[in-house]
Amino acid sequence: NRGLSEAEESGQVNHTAMALSTLDAEGAPRVRFVLCKGVTEKGLRFFTNLESDKGHEVARDNRGSVAFYWSILKRQVRIEGTVTPVTDAEADAYFATRSRLSNVGAWASQQSRPIDSRESLLAQVETVSARYGDAVPRPPHWSGYHLHASKWEFWQDHPGRIHDRWTLQPHAGGWKMWRLQP
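Here's a quick rundown of the structure.

What counts, and where the lines are drawn
Residues numbered from 1 in each chain as written. Predicted model: local features only at pLDDT ≥ 70, side-chain atom pairs only at ≥ 80, totals over all residues. Heavy atoms only, no water. Core = buried A, V, L, I, M, F, W, Y, C linked by side-chain atoms within 4.5 Å. Buried < 20%, exposed > 50% of the residue type's maximum accessible area, 1.4 Å probe, protein only. Helix = DSSP H or I, 4+ residues; strand = E, 2+ residues; numbered from the N terminus. Contact = heavy atoms within 4.5 Å. Phe/Tyr/Trp six-rings, centres within 6.5 Å; stacked < 30°, edge-to-face > 60°.

### Notes on the nonpolar core
Burial of nonpolar side chains together is a common tendency in soluble globular proteins. Ranked by internal contacts, the top residues of the largest apolar core, which has 19 residues, are Met 18, Leu 44, Phe 46, Val 66, Phe 68, Trp 70 and Ile 79. At the level of secondary structure, the elements contributing two or more residues to this core comprise helix H1 (2-10), strand E1 (17-23), strand E4 (43-49), strand E5 (63-70), strand E6 (75-85) and strand E7 (142-156). The residues contacting Phe 46, other than those within four sequence positions of it, are Met 18, Leu 20, Val 34, Leu 35, Val 83, Gly 144 and Tyr 145. In this structure, Phe 47, Val 86, Ala 106 and Trp 142 belong to the second largest nonpolar core, which totals 7 residues.

Structure (structure tokens):
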């Protein structure tokens, strides 16, 4: 949480953007950016369409990793672990904080599937928008995940590529930290 707060305070654009890596059906890595929507005792939280490529990949193999890069702070954080679903209550609570258009989009978009044109997508948005009033319910195919950390790695840029790197891992009921050479 401290890193996210520092990135926000620095003026970093999209400070919650994190590159999420999952594994496809053949075990090949796939990466895309998602937004971190909080850090809790359960892990880093993000939300998505469960029928998207990433939703299918997490369902097949729940190993994942994320990376943040904050150029203003010259800092990177990598986290590895397992991805597990949030509760329906957590998904409902977060969905209620989103804009109406974002919630309409959750119904209108069949994420990761081909579509013939942008106009077709916009027509689907209009159809869904007309169906609901101000309160758009959360679709059953839309929820979120926690990335439970099994390893954290921190990197801080320094002149001459004499960077500062360190790792944290759970160990004997606590955490073990060690430095890495740049």
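### Things to note about the packing of aromatic side chains
Geometrically, a pair of aromatic rings is defined through the distance of the ring centres and the angle of the planes. Under the counting rule described, the total for this entry stands at 10 aromatic pairs. Considering the side-chain rings of Phe 47 and Trp 142, the 5.5 Å spacing of their centres and the 5 degrees angle between planes classify their relative orientation as stacked. Placement of the pair is Phe 47 in strand E4 and Trp 142 in strand E7, with a sequence separation of 95 residues. A single burial state applies to Phe 47 and to Trp 142, both of which are buried. Taking the centre distance of 5.4 Å and the plane angle of 15 degrees together, the rings of Phe 154 and Trp 166 count as stacked. Taken together, the positions of Phe 154 in strand E7 and Trp 166 in strand E8 (residues 164-171) put the pair 12 residues apart, joining distant regions of the chain. Take Trp 166: its relative accessible area is 23%, and that puts it in the partly exposed class. Three or more aromatic residues link up through ring pairs in this structure, and these residues are Phe 47, Tyr 94, Phe 95 and Trp 142.

Spatial relationships are all this shows, so hold off on functional conclusions.
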